[in-house]
Amino acid sequence: MHIQDIPTPPQKPVYERRISYADRIADFKNPTAKKLLATIARKQTNLCVAADVTSCKELLELIHQVGPHICMLKTHIDILHDFHSSMIKQLKELASQYDFLLFEDRKFADIGNTVMHQYEGGVYHISDWADIVNAHTVPGPGIIQGLKKVGASKGRALLLLPQMSSSGTLATGDYTQKTIAMATQEHEFVIGFIAREYLAPNFLHFCPGVQMQEGGDGMGQRYITPKFAIEAGIDVIIVGRGIYKADDPGAQAQQYKKAGWDAYQEQL
Ligand code: S5P
């Protein structure tokens, strides 16, 4: 199909039934999706920590605290003020030691040729270490083609953003539906969505903007609770400040892990 032809999908399906993480492994061809689902089932955690700290030391300390309780660590590698390339080796080793996946929240947003270079090269060589990355669909489906060229042969996976957690987001309505349609055309490489609710079958749904109390941060972020997110059909909750700003991030991660897992089990 020509990349300009994006069919509009049918009405959003209603979230009906929770299928266990383990039982969904067979639904995916993408090895990263399979690995993530197996990790969630094995460690009994649907928690991803958003590690938005700004120094390498803080990042490494946080990983040692939360590593045992998470299925995935989400990074913004470009906010580390003292980034050095040896961090990548350490990140990979810790991901293996604590058994979690790495998600670089790069939110690519340019034409295919540009994102290809941003994903593969530059300072961060993201495709060498990030199991999962994400992309906005503003440029159209060419962005998926560019990322796929680099990531597919390495078994990597892509998430799209049909929705955002922030107030006033433009990612609603037709934009949301067209993004889902783009994902459907690339179902092997695109494994899921950043979303606030269940959007489509056979995709994984990752929800940021989660804290124990509903509310906001005064800069547009909108928080829902782990239970609310899971009940809305979310598969992985993403928690940043709710964990890394806590006095004891390890203990706090355990609380979120329990909240997310209990809510999931109640649905089975
Ligand atoms: O819509 C979104 C998408 C993302 S990936 N809203 C978000 O907040 N995020 C990211 O999730 C954001 O960049 C940050 O890293 C994390 C939320 O952090 P928190 O501190 O508000 O929990």
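The structure under discussion appears in the preceding block.
Keep in mind the model is a prediction, meaning the values are calculated, not measured.

Per the secondary structure count, the protein includes 11 helices and 10 strands. For the protein, the C-alpha radius of gyration of 17 Å lies close to 18 Å, the compact-globule estimate for 268 residues. Counting only C-alpha atoms, the protein reaches 50 × 45 × 40 Å along its principal axes. Burial statistics for the protein: of 268 residues in total, 53% are counted as buried. A fraction of 72% describes how many contacts in the protein between residues 6 or more apart in sequence connect residues 24 or more apart. Carbon and sulfur atoms form 51% of the exposed surface of the protein, whose accessible area is close to 11,900 Å². Taken as two groups, the 27 positive and 29 negative side-chain charges of the protein have centres that lie 3 Å from each other.

This part is about the pairing of strand β6 (residues 190-194). With 5 of its 5 residues buried, β6 lies for the most part within the structure. Pairing between strand β5 (residues 157-160) and β6: 3 bridges, direction parallel. Its bridge partner lying in β6, L160 is registered against F193. Traced from β5 through helix α8 (residues 173-185) to β6, the parallel crossover comes out right-handed.

The next thing to look at is the side chain of R196. By the secondary structure assignment, R196 is in the loop between β6 and β7 (204-207). Although R196 is buried, it forms no salt bridge, and the closest oppositely charged side chain is E197 at an N-O distance of 8.4 Å. One polar contact links the side chain of R196 to the main-chain carbonyl oxygen of P208, over a distance of 2.8 Å. A distance of 3.2 Å separates the side chain of R196 from the backbone oxygen of G209, its partner in a polar contact. Non-local contacts of R196, meaning those with residues more than four positions away in its chain, are made with Q163, M164, S165, C207, P208, G209, R222, Y223, I224, A232 and I234.

This part covers the environment of V190. Relative to the assigned elements, V190 resides in strand β6. Looking at V190, the relative accessible area reads 0%, which means it is buried. Between the C-alpha atom of V190 and that of A33, which follows or precedes it by 157 residues, the distance is 9.4 Å.

What follows covers the site of the ligand. The environment of the ligand is formed by 14 residues, the closest being D52, K74, S165, Y223 and R241. Within the side chain of H76, a nitrogen or oxygen atom sits 3.0 Å from an oxygen atom of the ligand. R241 is positioned such that a nitrogen or oxygen atom in its side chain is 2.7 Å from an oxygen atom of the ligand. Surface burial for the ligand is 91%, taken as the share of its 490 Å² of free accessible area covered by protein chains.

All right, on to helix α11 (residues 249-267) then. Taking 1.5 Å of rise per residue, 19 residues should cover 27 Å, and α11 covers 27 Å from first to last C-alpha, within 8% of that figure. For α11, the complete set of buried residues consists of P249, G250, A253, Y256, G260, W261, A263 and Y264. Along α11, the residues classed as buried sweep out an arc of 155° about the axis, all on the same side. Among the exposed residues of α11, those pointing more than 90 degrees away from its buried face are K258 and E266.

Following the criterion strictly, the structure yields 6 aromatic pairs and no others. Between F83 and Y124 the ring centres are 4.9 Å apart and the planes differ by 70°, which places this aromatic pair in the edge-to-face class. Pair noted here: F83 is in the loop between β2 (72-75) and α4 (86-98) and Y124 is in the loop between α5 (112-120) and α6 (126-129), with a separation of 41 residues, a long-range link. We classify F83 as buried; its relative accessible area is 18%. Judged by relative accessible area, Y124 falls into the partly exposed class, the value being 23%. Ring-pair connections join several aromatic residues into one group, and the members of that group are Y21, W261 and Y264.

The strand order around the closed barrel built from 8 strands is β1-β2-β3-β4-β5-β6-β7-β10, with neighbouring strands paired in parallel fashion. Sheet twist, expressed as the mean angle between neighbouring strand axes with direction ignored, is 30°. Where strand β4 (residues 132-135) meets β5, 4 bridges bridge the pair, whose relative direction is parallel. Across the sheet, N134 pairs through a bridge with L159, a residue of β5.

The rules we used
Residues numbered from 1 in each chain as written. Predicted model: local features only at pLDDT ≥ 70, side-chain atom pairs only at ≥ 80, totals over all residues. Heavy atoms only, no water. Helix = DSSP H or I, 4+ residues; strand = E, 2+ residues; numbered from the N terminus. Rg over C-alpha atoms; globule rule 2.2 N^0.38 Å. Buried < 20%, exposed > 50% of the residue type's maximum accessible area, 1.4 Å probe, protein only. Contact = heavy atoms within 4.5 Å. Areas by Shrake-Rupley, 256 points an atom, 1.4 Å probe, with all protein chains shown as cover. Lys, Arg positive; Asp, Glu negative; His and termini not counted. Charge placed at Lys NZ, Arg CZ, Asp CG, Glu CD. Pairing = 2+ DSSP bridges. Right-handed = clockwise from strand over helix to strand, strands pointing away. Salt bridge = Lys/Arg side-chain N within 4 Å of Asp/Glu carboxyl O. Polar contact = N/O pair within 3.5 Å; in protein donor to acceptor, adjacent residues only side chain to side chain. Near = heavy atom within 4 Å. Expected span 1.5 Å × (residues − 1). Arc of directions from axis to C-beta. Phe/Tyr/Trp six-rings, centres within 6.5 Å; stacked < 30°, edge-to-face > 60°. Axes fitted to C-alpha atoms, helices over the stretch in contact; angles between N-to-C directions.

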